[in-house]
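Listed below, chain by chain, are the residues.
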Amino acid sequence: MTTPVDAPQLGQRPPQVIHHGAFAGVTGSCHELFLRPDDSVLIDCGMFQGAEAEADGTASREIEFDLSHVRALIVTHAHIDHVGRIPYLLMAGFRGPIYCTEATASLLPIVIEDALKLGLTRDPELIAGVLGALRRMLRPVAYDAWVTGDGLAGSAGDVRMRFRQAGHILGSAYVEFAWPDDYRVVFSGDIGCRNTPLLPDPEPLEYADLLFLESTYGDRLHESRVDRAERLRQVVERCVSDGGAVLIPAFSIGRTQELLYEIEQLIATNDGIWPKITVILDSPMASEFTALYAELTHLWDAEALARLSSGHNPLNFDRLHVVRTHDEHEHIVNFLRTSGEPCIVIAASGMCTGGRMQNYLRALLPDPRTDVVFVGYQAAGTPGRAIQQYGPTGGYVEFGDERIHINAQIHTLGGYSAHADQAELIDFVRSASRIGEIRLIHGELAARTALAQQLQAHGYRCLTP
């Protein structure tokens, strides 16, 4: 999974970059940027998922590349495909500073604790040791503040780094590196959509001599926010009329909070079934993150703050039921299996690779009264992609050795994606006063190719693996 891209002579541009993930794929984001010949930083250290993990076996988790040059880790945001290998980085001996935004510093320990429990250990002492080391290494940084020193620079003439708002999830950022002669390298992380509930829009890009740009949705356009909310309303109302449940696999950070925001608005502005609908949030991690979102209101956008001041709490409303225990979770799954009670269930994981959503899917996918609504990207090789692809034709999905036939209705609401679409990615590039070269990463081949063609048509020098 490690891919060297540049090997210039000393003093030449561009600087050397080695990709350890999300180069010719979507997951496992990890990029090594050499600031000086013998000093590098990692931008993200994420977990591979789906087919990309299966293709590389245990290497999808372990750190197999040389860490002798790595002085610091830069985290763009707290999604698992950008941070999931951090425990393995620590196990490999890394003890440098970990730079991230202030909000990411609050979210990251929760994500890492969950990653440890799912993939490595449930030993409380070992988990506490890893989290203690992580917290000591964290260096929270405010948006737009240039940083030097401790893994980045230590003397005059070294490299500066700063985070800028990416609008993807709470705390997300794209990261800029500036050399003394104003040569600038930018890693986009994941760029969010405009007009996303709760979050500010991505900050315009000043300029980049070398831009590494994500391309997850580089080949498509999203629905508008109005259209997606209307489709969600229609799906829920149809499902309720059929007497079934609406299952929404959602990532714990970002999508869950956006969904709660828009469902609360639907409840507040519609009659009929809406004042009576039960919304079940069944994800311990999502509950923790939702509580953190509620605490960090200073990072909300103006629209969300106006909603809050008008007496509507989009993250804590009367019809919301938060599942607290695993016994309660099992009771609800069995109740829905036998009763068909109409409700909305939001649970992780977003790609159906694990978590409590799998139990709902096992129980309710065979029931034609069920509706499954996908609101985020489904990577190749994940159960979510299989349901999305084969469900509409009455196919099946496999969870381990268990084959589940799909009679449920399957829907995809593209407008809920956390990633910018093709037009928004192009607008992000065009917001810059100058762009030297663009290299597309973090996307499947079709998405990278389509976005490259569009950027080249706008006159940009754009390369893609």
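Residues numbered from 1 in each chain as written. Predicted model: local features only at pLDDT ≥ 70, side-chain atom pairs only at ≥ 80, totals over all residues. Heavy atoms only, no water.

**What to know about helix 5 (residues 124-137)**
Right, on to step 1. Here helix 5 contains 14 residues, and its C-alpha end-to-end distance of 20 Å stays within 8% of the 20 Å for a straight helix at 1.5 Å per residue.
Right, on to step 2. Within helix 5 the residues assigned to the buried category are Ile-127, Val-130, Leu-131, Gly-132, Ala-133, Leu-134 and Met-137.
Right, on to step 3. On the buried face of helix 5, the contacting elements are helix 3 (86-91), strand 6 (98-101), helix 4 (102-119) and strand 7 (138-141).
Right, on to step 4. The backbone nitrogen of Glu-125 lies 2.9 Å from a side-chain oxygen of the residue at the head of helix 5, namely Asp-123. (Helix = DSSP H or I, 4+ residues; strand = E, 2+ residues; numbered from the N terminus. Expected span 1.5 Å × (residues − 1). Buried < 20%, exposed > 50% of the residue type's maximum accessible area, 1.4 Å probe, protein only. Contact = heavy atoms within 4.5 Å. Polar contact = N/O pair within 3.5 Å; in protein donor to acceptor, adjacent residues only side chain to side chain.)

**A short note on the pairing of strand 17 (residues 396-399)**
Right, on to step 1. Covered by surrounding structure in strand 17 are Val-397 and Phe-399 only, the residues Tyr-396 and Glu-398 on the alternate face being uncovered.
Right, on to step 2. Two strands pair when backbone bridges link them, and strand 17 and strand 18 (residues 402-405) are joined in this way by four bridges, in the antiparallel orientation. Bridging from a neighbouring strand, Val-397 pairs with Ile-404 of strand 18.
Right, on to step 3. Between strand 17 and strand 18, which pair antiparallel one after the other, the connecting turn spans two residues, and Gly-400 there sits at a positive phi close to 65°. (Pairing = 2+ DSSP bridges.)

**Things to note about the nonpolar core**
Right, on to step 1. In this structure, Leu-73, Ile-86, Phe-94, Ile-248, Val-279, Ile-344 and Ile-346 are the most contacted members of the largest nonpolar core, which totals 75 residues.
Right, on to step 2. For this core, the element with the highest residue contribution is helix 4, accounting for eight residues.
Right, on to step 3. Look past the residues within four positions of Phe-94 in its chain and what remains in contact with it is Leu-67, Val-70, Arg-71, Ala-72, Leu-73, Leu-89 and Met-137.
Right, on to step 4. The next biggest cluster of nonpolar side chains, apart from the first, holds 27 residues, and it includes Val-345, Ala-347, Leu-361 and Ile-410. (Core = buried A, V, L, I, M, F, W, Y, C linked by side-chain atoms within 4.5 Å.)

**Quick notes on the sheet that holds strand 15 (residues 343-347)**
Strands belonging to one sheet form pairs held by backbone hydrogen bonds; the direction of such a pair is parallel or antiparallel.
Right, on to step 1. Within the open sheet, the six strands sit side by side as 14-13-15-12-16-19. Their pairing is parallel. Across the chains shown, the open sheet's two edge strands, defined by having one partner strand only, are strand 14 (320-322) and strand 19 (409-412). Averaged over all pairs of adjacent strands, the angle between strand axes in this sheet comes to 20°, irrespective of strand direction.
Right, on to step 2. By the bridge criterion, five bridges tie strand 12 (residues 245-249) to strand 15 in an arrangement that is parallel. Of the residues in strand 15, the one forming a bridge with Leu-247 is Val-345.
Right, on to step 3. Across the sheet, helix 10 (residues 326-339) touches strand 13 (279-281), strand 14 and strand 15, and the angle it forms with strand 14 is around 125°. (Axes fitted to C-alpha atoms, helices over the stretch in contact; angles between N-to-C directions.)

**Comments concerning the pattern of salt bridges**
Right, on to step 1. For the structure on display, the rule yields 31 salt bridges.
Right, on to step 2. Across the salt bridge formed by Asp-150 and Arg-139, the nearest N and O atoms sit 3.2 Å from each other. Remark: Arg-139 occurs in strand 7 and Asp-150 occurs in the loop between strand 7 and strand 8 (160-165); sequence separation between them is eleven residues.
Right, on to step 3. What emerges from the salt-bridge pattern is a single network uniting Arg-225, Arg-228, Arg-255, Glu-258, Glu-262 and Glu-303. (Salt bridge = Lys/Arg side-chain N within 4 Å of Asp/Glu carboxyl O.)

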